[in-house]
Amino acid sequence: MVFIILLCLSSVFSARARISEPGQEAVISKEPYREKLRQVVSTTGKECKFPFRQGGRLHHHCITVLSSRPWCSLTHNFDRDRQWGFCAPGKTQLNVSRKFTDPCQLNPCQNGGICMQIPHRHTFKCSCLEGFSGTLCEQKKCYETLHLRYYDTGESWGRIHLRNVEQCTCVAGEIKCERVRYTVCRTNPCLNGGTCRLIISSGKEVCNCRYGFSGPYCSFEPATECYNSRGTAYRGVVGTTVSGVRCLPWNSDLLHNELHVGTVAASARKGLGEHAFCRNPDWDKRPWCYTLNDDAISWEYCDIPSCVMAVSSSRRVNVFNTLPSPSKPTPSQPAKKPVCGKKHKKRLSVARGRILGGNSALPGTHPWMAAIYIGQMDFCAGTLISSCWVLSAAHCFFRNPQKSQLRVVLGQQNFNVTSPNTRTFGVAEYIFPKQFSVFNPTLHDIVLIKLKKQDGQCVKKTPFIRPICLPDKNLTFPDHYCCAISGWGRMHEKVEGYNSLQEGGVRLIPHDTCRKPEVYGNHVTADMICAGLNGCVDACQGDSGGPLACSRNDVSFLYGIISWGEGCGRSGKPGVYTKVVNYIDWINSVIKGKPKTS
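Criteria and cut-off values
- Per chain, the residues get numbers from 1 upward, laid out in the order the sequence is written.
- Since the coordinates come from a predicted model, pLDDT governs what is reported: local features require at least 70, and pairs of side-chain atoms require 80 or more to be given and counted, while whole-chain, interface and lining totals use all residues.
- Where side-chain values are given, they derive from all heavy atoms of the structure, hydrogens and water being excluded.
- Under the scheme used here, helices are H or I runs from DSSP no shorter than 4 residues and strands are E runs no shorter than 2 residues, and both carry numbers assigned from the N terminus.
- Relative accessible area decides the class of each residue, using a 1.4 Å probe on protein chains only: under 20% of the type maximum gives buried, over 50% gives exposed, and in between gives partly exposed.
- Contacts are residue-level and defined by heavy atoms, with any inter-residue pair within 4.5 Å sufficient.
- When two cysteine sulfur atoms lie within 2.5 Å, the pair is treated as a disulfide.
- Salt bridges, as used here, are contacts in which a Lys or Arg side-chain nitrogen is within 4 Å of a carboxyl oxygen on Asp or Glu.
- Only when DSSP finds a minimum of two bridges between them are two strands counted as paired.
- Here the axes come from fitting lines to C-alpha atoms, over the contacting stretch only for helices, and the angles between their N-to-C directions go from 0 to 180 degrees.
- Residue types Ala, Val, Leu, Ile, Met, Phe, Trp, Tyr and Cys, when buried and joined through side-chain atoms within 4.5 Å, form a set referred to as a nonpolar core.
- We call Phe, Tyr and Trp rings a pair once their centres come within 6.5 Å, taking the six-membered ring for Trp, and we label the pair stacked below 30 degrees between planes, edge-to-face above 60, and tilted otherwise.
- Whether a charge lies above a ring is judged from NZ of Lys or CZ of Arg, which has to be within 6 Å of the ring centre and within 35 degrees of the ring normal.

A.B. asks: Could you clarify how one ought to interpret the overall build of the chain in this entry?
C.D. replies: When helices and strands are counted, the chain shows 3 helices and 34 strands. Looking at the 598 residues of the chain, the share that counts as buried comes to 48%. Within the chain, contacts between residues separated by at least 24 positions form 62% of all contacts whose residues are at least 6 apart in sequence.

A.B. asks: Whenever I open this one, the state of the cysteines confuses me. Can you help?
C.D. replies: Any covalent bond linking the sulfur atoms of two cysteines counts as a disulfide. If you walk through the whole model with that rule in mind, you get 17 disulfides. Disulfide partner of Cys109: Cys126, at an S-S distance of 2.0 Å. Between Cys109 and Cys126 the sulfur-sulfur dihedral comes to about -90°; the bridge is accordingly left-handed. With Cys109 in the loop between strand E7 (92-95) and strand E8 (114-118) and Cys126 in strand E9 (residues 123-127), this pair connects stretches of sequence that are 17 residues apart. Owing to a relative accessible area of 10%, Cys126 belongs among the buried residues under this scheme. Between the sulfur atoms of Cys483 and its disulfide mate Cys550 the distance is 2.0 Å. Residues Cys483 and Cys550 are joined through a disulfide that is right-handed, its torsion about the S-S bond being 100°. On the criterion of sequence distance, the pair formed by Cys483 in strand E29 (residues 482-487) and Cys550 in strand E32 (residues 547-552) is long-range, its members being 67 residues apart.

A.B. asks: Teacher, can you tell me more about the pattern of salt bridges here?
C.D. replies: Opposite charge on two side chains permits pairing when their charged atoms draw close. Under the counting rule described, the total for this entry stands at 8 salt bridges. A salt bridge links Glu47 to Lys49, with the shortest nitrogen-to-oxygen separation between them at 3.6 Å. The residue Lys473 makes a salt bridge to Asp585 at a minimum N-O spacing of 3.1 Å. Of this pair, Lys473 sits in the loop between strand E28 (447-451) and E29 while Asp585 sits in helix H3 (residues 584-592); the two residues are 112 residues apart in sequence, bridging distant segments of the chain. Given the relative accessible area of 46%, Lys473 is considered partly exposed. The exposure class of Asp585 is partly exposed, given its relative accessible area of 49%. A network of salt bridges, in which partner residues are shared, links Glu144, Arg159 and Glu166.

A.B. asks: For this particular structure, what's the right way to read the sheet that holds strand E17 (residues 182-184)?
C.D. replies: Backbone hydrogen bonds hold the strands of a sheet together, and the pairing may be parallel or antiparallel. On the basis of which strands lie adjacent, the open sheet formed by 3 strands has the order E17-E18-E19 and antiparallel pairing. Every other strand in the sheet has two partners, leaving E17 and strand E19 (205-208) as the edge strands with one partner each. Sheet twist, expressed as the mean angle between neighbouring strand axes with direction ignored, is 40°. Where strand E18 (residues 195-199) and E19 come together, 4 bridges link them in antiparallel fashion. Its bridge partner lying in E19, Leu198 is registered against Glu205.

A.B. asks: I'm lost on the sheet that holds strand E16 (residues 174-179) in this one. Help?
C.D. replies: Pairing within the open sheet is antiparallel, and its 3 strands lie in the order E14-E15-E16. The open sheet has two free edges, formed respectively by strand E14 (156-161) and E16, since each of these has just one partner strand. With direction set aside, neighbouring strand axes in the sheet form an average angle of 35°.

A.B. asks: I tried to follow the nonpolar core on my own but got confused; where do I start?
C.D. replies: When a protein is soluble and globular, its nonpolar side chains tend to lie buried together. The biggest cluster of nonpolar side chains holds 44 residues, and the ones touching the most others in it are Ile385, Leu391, Phe397, Leu410 and Ile587. Mapped onto this core, the elements with two or more residues apiece are strand E22 (369-374), strand E23 (378-386), strand E24 (389-392), strand E25 (406-410), strand E27 (427-431), E28, strand E33 (555-564) and H3. The next biggest cluster of nonpolar side chains, apart from the first, holds 24 residues, and it includes Tyr234, Leu248, Trp299 and Ile304.

A.B. asks: What's the story with the packing of aromatic side chains in this structure? I'm lost.
C.D. replies: Two descriptors summarise a pair of aromatic rings, namely the distance from one centre to the other and the angle between the planes of the rings. As enumerated under the stated definition, the model contains 23 aromatic pairs in all. With a centroid separation of 5.5 Å and 50° between ring planes, the pair formed by Tyr373 and Phe415 is classed as tilted. Linking Tyr373 in strand E22 with Phe415 in the loop between E25 and strand E26 (423-425), this pair joins segments that are 42 residues apart in sequence. For Tyr373, a relative accessible area of 6% translates into the label buried. On the basis of relative accessibility, which here comes to 23%, the residue Phe415 falls in the partly exposed class. One aromatic cluster is present, built from ring pairs that chain together Trp250, Trp288, Tyr290, Trp299, Tyr301 and Phe464. One residue, Arg82, lies across the ring of Phe78, its end atom 5.1 Å from the ring centre. Its guanidinium or amino end placed over the ring of Phe477, Arg552 lies 4.6 Å from that ring's centre, counting from NZ or CZ.

Take a look at the structure:
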């Protein structure tokens with residue numbers, strides 16, 4: 001009997017009676033000047049909005065995620081607005097006979113603007129180049145060279161030009177300025193050694209920047225075709241990633257919960273705005289941007305060279321062999337940059353996500369995730385803990401598969417899909433604890449997997465592949481502490497197939513609560529952890545062996561391994577995880593020694 005944990009949602013869609021009804025769905029044919037209308041009429045007649053974002057992905061039709069009955073979003077962003085309804089079956093009308101003149105045929109947009117037809121409304125919208133605005137892109141903006149930005153017609157700003165403090169306004173594409181009275185600022189918001197002056201009439205602060213800096217607060221380097229340091233001051237106009245994908249605008253309606261103009265503090269100072277140019281608002285190693293990858297929100301570094309050639313060195317450090325001790329961090333400890341348990345934060349909060357119907361994880365959010373393919377049919381997850389070792393659930397291997405049948409993929413985003421970020425390894429050996437028995441696979445449900453080396457080494461750390469920290473055996477997290485789970489498992493107990501990598505937050509459950517007769521009774525031992533009740537998420541088929549990751553001081557520790565549970569997100573039935581801290585001595589002995597495989 002195979003025991004697998006089931007990851008499901010128990011929050012947003014638990015109160016299904018609150019779901020409203022859907023409206024209609026539109027499809028534009030490839031035939032010129034011909035529109036296909038497919039109407040999905042609901043009892044309330046509300047209109048579906050396509051495409052819509054759900055779970056970090058774009059959907060162009062009614063979906064059955066979370067429910068066997070098709071539904072759609074009533075706005076273009078369900079993740080943000082939570083307005084949705086069931087798609088009424090049997091009331092579809094298809095009309096392909098209506099023709100009309102394409103309003104963009106003659107391109108009414110001026111000054112290089114791009115005309116975009118709005119389906120079903122027989123109208124259009126102009127996408128203007130950066131220097132123009134207006135319905136038809138007819139209004140020329142004013143470019144302020146001291147601030148390295150455009151101002152729209154009617155906008156006003158202050159500047160210091162030729163040692164004069166001026167108040168400027170954009171009038172019909174022309175900058176009109178006049179000298180004004182000023183005084184010294186009480187505080188200085190100007191960066192990089194800039195000085196501040198306060199315009200008396202308007203109360204606006206203006207900065208006088210040192211040579212080499214510009215912008216309203218002296219935070220910009222000159223716009224170049226390269227970036228300095230990490231590129232946090234890059235203000236160029238490159239909007240393409242290293243793979244050639246176009247960037248999403250930083251004000252895109254699709255970027256809910258991600259870093260954008262509405263969520264980043266002082267976003268204008270960090271270069272964010274109504275544009276799709278590469279920036280680095282989170283102090284990553286180089287400029288990057290959000291992209292759409294297979295209708296899912298993703299991100300990628302940009303195709304911008306560094307202004308300074310990197311200094312080569314023959315001395316290398318294997319960061320995987322220098323993992324820090326994961327003892328409980330304290331403020332008195334020296335601030336050492338950990339080489340494990342760190343992830344890319346391209347999203348505001350992991351805990352707000354939901355595995356079932358929730359957020360697809362962004363690349364780099366869980367860089368320790370391992371996808372384990374067993375033969376042609378079976379699949380489990382695992383967690384990278386060092387360069388050559390992955391931890392998973394023992395029950396995934398209870399049939400003792402041949403090592404030649406095993407494949408471990410790191411850096412994977414979509415199930416069974418390789419990309420430039422993925423690395424695939426064979427398995428040298430897998431090792432069970434001596435207490436594990438195939439006759440009771442929920443007990444001591446843990447296995448160590450050693451990766452086969454490639455060219456003399458195993459895993460090379462990248463932004464998308466890096467190990468999680470192992471906890472010290474004395475490290476504990478309190479009851480009700482919110483930890484993270486992730487996996488490619490099924491979205492519903494009775495749904496087939498796997499998904500893109502999903503993420504969610506679970507709260508740790510008191511051991512006594514999980515051992516109550518109405519929960520799991522004495523099936524839960526001291527080597528297990530329960531998590532997932534009270535409005536958090538649970539796990540589903542295919543997530544077995546994945547991590548229960550708890551973080552402290554922004555460092556993630558592998559606190560549990562997804563092991564077993566009853567059903568998928570069933571009321572009163574949380575997920576059960578192998579308690580990793582109870583196996584630390586065994587893990588270290590295997591990694592440092594050479595025990596025989598079972």
